[in-house]
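Letter by letter, the chains look like this.
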Amino acid sequence: MQFIPNDKELAMLEKILKYHPDEYAVVRLTDTMLHKAIIDASAPIRTVLSEIVDYENMVQGSDGKVLAEASVITDKVMLVQSSFYRPETKKGDPRLWVYGLKKFIHSGDMIFITVHEGKMVVIPLTDEGFNLQLISDFFGHEEEDEIKAELISLLSGIAKKPVLSVAPDRTKSFAKDVGETFEKVLGILPNSNKVADFKSKIELKAKREGSTTSDTLFSMVPDWKNSYISSSNEMIRRFGYSSKKYLDFIDLFVTVSNKTNNQGLSLEVDEENNLLHQLYEDSSGKKIVTCSWKLNEIKERLFNKHPETVWVVAEEKIINGKIHFHYKKAVYTRAPIFSSFLLLVSQGIITYDWRGRVKKDGTGYKDKGHCFRIKPKFRHLLFAETETIQLDEADEGTPSLNEQALLTFGK
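These figures come from a predicted structure and were not determined experimentally.

Asker: Let's hear about the overall build of the protein chain: which residues, and what values?
Answerer: Along the protein chain, the regular secondary structure elements total 11 helices and 21 strands. For the protein chain, the C-alpha atoms occupy an extent of roughly 75 × 60 × 35 Å along the three principal directions. Per-residue burial for the protein chain yields a buried fraction of 50% across its 411 residues. Within the protein chain, counting contacts between residues at least 6 apart in sequence, those at least 24 apart form 66% of the total. Summing over all exposed atoms, the protein chain offers an accessible surface of approximately 20800 Å²; the carbon and sulfur share of this is 48%.

Structure representation (structure tokens):
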């Protein structure tokens, strides 16, 4: 990704997305852009503007130029003219401009671009004129979600007392026990479905209090048919290391991010070609693409898995010598923003984990799900809405777990 927001700009971006959880692009203005009054309509910009501008079928030159009204939000909301065109020179690279932009933006400043009610909206991410109240009023507020309220009520019933673990007699509980116990008490079978758990709308995640591990967003292998590496099996054998636990096995339990790891692997977003690449860098510094994911397929998986999510935290307790989990706190997230997903991959905040092993001859393959992950403290950057919920503060009148389960899961 070409434009990376700094911490202050990222904070402003987060505030905007709370009221407008939709796709967006960001651009950092340069002297050349301001002097020539042109902004290159890169792939992320074209994606955002696709519902109002058809660059692909646009005629080059002045005859194909599209003029449209746009909104600019600073310390006031201004209606201005904007233009979208493909010049006759340089292969007709798509461009746009917002008239009067030079009046309220400087070289080095970043702008936020999105579409609302059929118009382009531009918001400068600068200290001067950033007005959250105006932004809130302009985009409007979301109504309370009935399914969310129903689920929170159900979870509040669970929070009233600790729950016996699915493996209560272990000398040490496994990380998966807290999630499997949670699914059991809700009557949900363990799954790796590509859609959300609760009424196909809300995904449920559970982990132990104090855990420092990243959250799994979803499992997804690369597009092997269009990759240099042909399978997860081959990936582990090529880039793995001798297993310390299993004789004659090769392990590959590593995190891949925007920076090259010990295996020489890194991630790179290629929006122009609609791909996320995993690169391998050899000792000479040469990089090759080992495998790729199609961005549209990643987006579909993210949106299907996390339209809304409740991330539950449980305290582990030993009661009468047996392991219990007290599910007492949750974080609700809603509306993932794919533009943010790509930005966070580029910043190393969203990573990809290889988690598997195989024998040297290619047999005995096993994996724990190769997946995209995010640190919990950065969830708010991916989702338009994040809300902390104290489940153990439920009213005494909350229906019992059994009553709620019959009402909810019996439907």
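Asker: For the pattern of salt bridges, give the residues involved together with the corresponding values.
Answerer: For the structure shown, the criterion picks out 18 salt bridges. A salt bridge links E203 to K305, with the shortest nitrogen-to-oxygen separation between them at 3.5 Å. With E203 in strand 9 (residues 202–208) and K305 in helix 8 (residues 295–305), this pair connects stretches of sequence that are 102 residues apart. In this pair, the class of E203 matches that of K305, namely buried. Several salt bridges converge on common partners, so that one network encompasses E203, K205 and K305.

Asker: Can you lay out the sheet that holds strand 15 (residues 287–294) for me, pointing to particular residues and giving the numbers?
Answerer: Taken together, the 3 strands give an open sheet; going across it, the order is 13-14-15, and neighbouring strands pair in antiparallel fashion. Both edges of this open sheet fall to strand 13 (265–270) and strand 15, since each of them pairs with a single strand only. Adjacent strand axes in the sheet meet at a mean angle of 30°, parallel and antiparallel pairs treated alike. Pairing between strand 13 and strand 14 (residues 275–281): 6 bridges, direction antiparallel. Each bridged residue has a counterpart across the sheet, and for L267 the counterpart in strand 14 is Q278. In the packing of helix 8 onto the sheet, the strands contacted are strand 13, strand 14 and strand 15, and the crossing angle to strand 15 comes to about 45°.

Asker: Please set out the nonpolar core residue by residue, giving values where relevant.
Answerer: One finds I39, I298, F341 and F372 to be the most contacted residues of the largest nonpolar core, which totals 89 residues. Membership of the second largest hydrophobic core comes to 24 residues, among which are I152, F182, I202 and V312.

So, how was this worked out
- Residues numbered from 1 in each chain as written.
- Predicted model: local features only at pLDDT ≥ 70, side-chain atom pairs only at ≥ 80, totals over all residues.
- Heavy atoms only, no water.
- Helix = DSSP H or I, 4+ residues; strand = E, 2+ residues; numbered from the N terminus.
- Buried < 20%, exposed > 50% of the residue type's maximum accessible area, 1.4 Å probe, protein only.
- Contact = heavy atoms within 4.5 Å.
- Areas by Shrake-Rupley, 256 points an atom, 1.4 Å probe, with all protein chains shown as cover.
- Salt bridge = Lys/Arg side-chain N within 4 Å of Asp/Glu carboxyl O.
- Pairing = 2+ DSSP bridges.
- Axes fitted to C-alpha atoms, helices over the stretch in contact; angles between N-to-C directions.
- Core = buried A, V, L, I, M, F, W, Y, C linked by side-chain atoms within 4.5 Å.

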